[in-house]
Amino acid sequence: MPRQPRRRSYDQYCAAARALDAVGDRWTLLIVRELLAGPRRYTDLHADLPGVSTDVLASRLKDMEREELATRRKLPPPAAATVYELTARGRELLPVLTALAAWGAPELAERRPTDAVRAHWFAIPLIPLLRRLPYAPAVLDVRLDEGEFHVRTGGDEGDGGAVYGDGPAPDADARLAMDADTCRALAGGRLTVEEGVKAGRIEVTGEGPVAAALRGE
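Residues numbered from 1 in each chain as written. Predicted model: local features only at pLDDT ≥ 70, side-chain atom pairs only at ≥ 80, totals over all residues. Heavy atoms only, no water.

Trainee: Sorry if this is basic, but what is going on with the sheet that holds strand S1 (residues 40–41) here?
Mentor: Pairing between the strands of a sheet is mediated by backbone hydrogen bonds and can be parallel or antiparallel. Judged by pairing direction, the sheet is antiparallel, and its three strands sit side by side in the order S1-S3-S2 without closing on themselves. Of all strands in the sheet, those with a lone pairing partner are S1 and strand S2 (70–74), marking the two edges. Looking at chain direction, S1 and strand S3 (residues 82–86) are connected through two bridges and run antiparallel. What sits directly across from Arg-40, in S3, is Tyr-84. Lying on the sheet, helix H2 (residues 28–35) is in contact with S1, S2 and S3; it crosses S3 at an angle near 105°. (Pairing = 2+ DSSP bridges. Helix = DSSP H or I, 4+ residues; strand = E, 2+ residues; numbered from the N terminus. Contact = heavy atoms within 4.5 Å. Axes fitted to C-alpha atoms, helices over the stretch in contact; angles between N-to-C directions.)

Trainee: Which parts of the structure should I look at to understand the pairing of strand S4 (residues 139–144)?
Mentor: On any regular strand, side chains alternate: one points to one face of the sheet, the next to the other face. Counting buried residues in S4 gives five out of six residues, a clear majority hidden from the surface. For S4 and strand S5 (residues 147–152), the ladder comprises six bridges, and the chain directions are antiparallel. Bridging across to S5, Arg-143 finds its partner in Glu-148. A loop of two residues connects S4 with S5, the two strands running antiparallel in sequence. Bridge count for S4 against strand S7 (residues 174–177) is four bridges, and the pairing is parallel. Across the sheet, Leu-140 pairs through a bridge with Ala-174, a residue of S7. (Buried < 20%, exposed > 50% of the residue type's maximum accessible area, 1.4 Å probe, protein only.)

Trainee: Even after reading the chapter, I still don't get the confidence of the model for the chain, so can you show me in this structure?
Mentor: Atomic detail in the predicted coordinates should be set aside for any region of low pLDDT. Here the chain averages 90 in pLDDT, and 94% of its residues register 70 or above. With pLDDT under 50 throughout, residues 1–5 is counted as low confidence; its partners more than four residues away or in other chains account for one contact. (pLDDT = per-residue confidence, 0-100.)

Rendered as C-alpha cells:
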C-alpha cells in the first residue's frame, strides 16, 4: 500500500495549532456545516458548496475521514447511495461554528452581488437563540424568501442526531416565517422571537402548545 503523504502541520505543541492542523484547510469547516444537517451524498455536498472544485471536495473529505471527523457509509436499498456523515468528534465542532458565525455576523450587513446563499446557512447562528426558548425542546421550521430549514432545539451535537436540516420537518411543532434581515437580527441578539412576533416581523403557524406559546397565546 502506498504511503499516505503527510499533511502540512504547524508543528506546534499548542491545542489551537493542533485543531487547525485538522480543520484549518479551506472548505473543511464549511463541509462540517453541511454535515451537521445530517448524512449527505457527495453530489449534495457539492451542490451546497458553490465554488469548491470536485478535486478539493474529495480531498477534504478524505482528510476528514483520516482525522476521524467524518465517515462514509452506504444506505440500504432502495437508496443504495453512499453518504458522508460526521463522527461524534466531528459533531463537537458545532460550538466552533456557532462562535465563528457570531463573530462573522457583522460582515452580513450587506449582501454582495457575487454571494451565493442557501436558507439552511442561517440555521447555525439561530440555534443558540432557539435553544433558549422556554418551550424547548421542539422542532421549528424557519421559512425565508431564500428557502426553508428546520432546527431541533433539543438536539445534542454528541448524540448522533442532526441539529438542523434543509427543508421542512414533517414533525415540526411550529413554523416561523420571516425575512433574512429579521433572521440576522435574531441571530445577532438585536431582536427576540417574542419581539419579532409582536412587531409582525415573524409569522407563526401550527397547532399545539409550542406554536401557541410562540404566538403569545
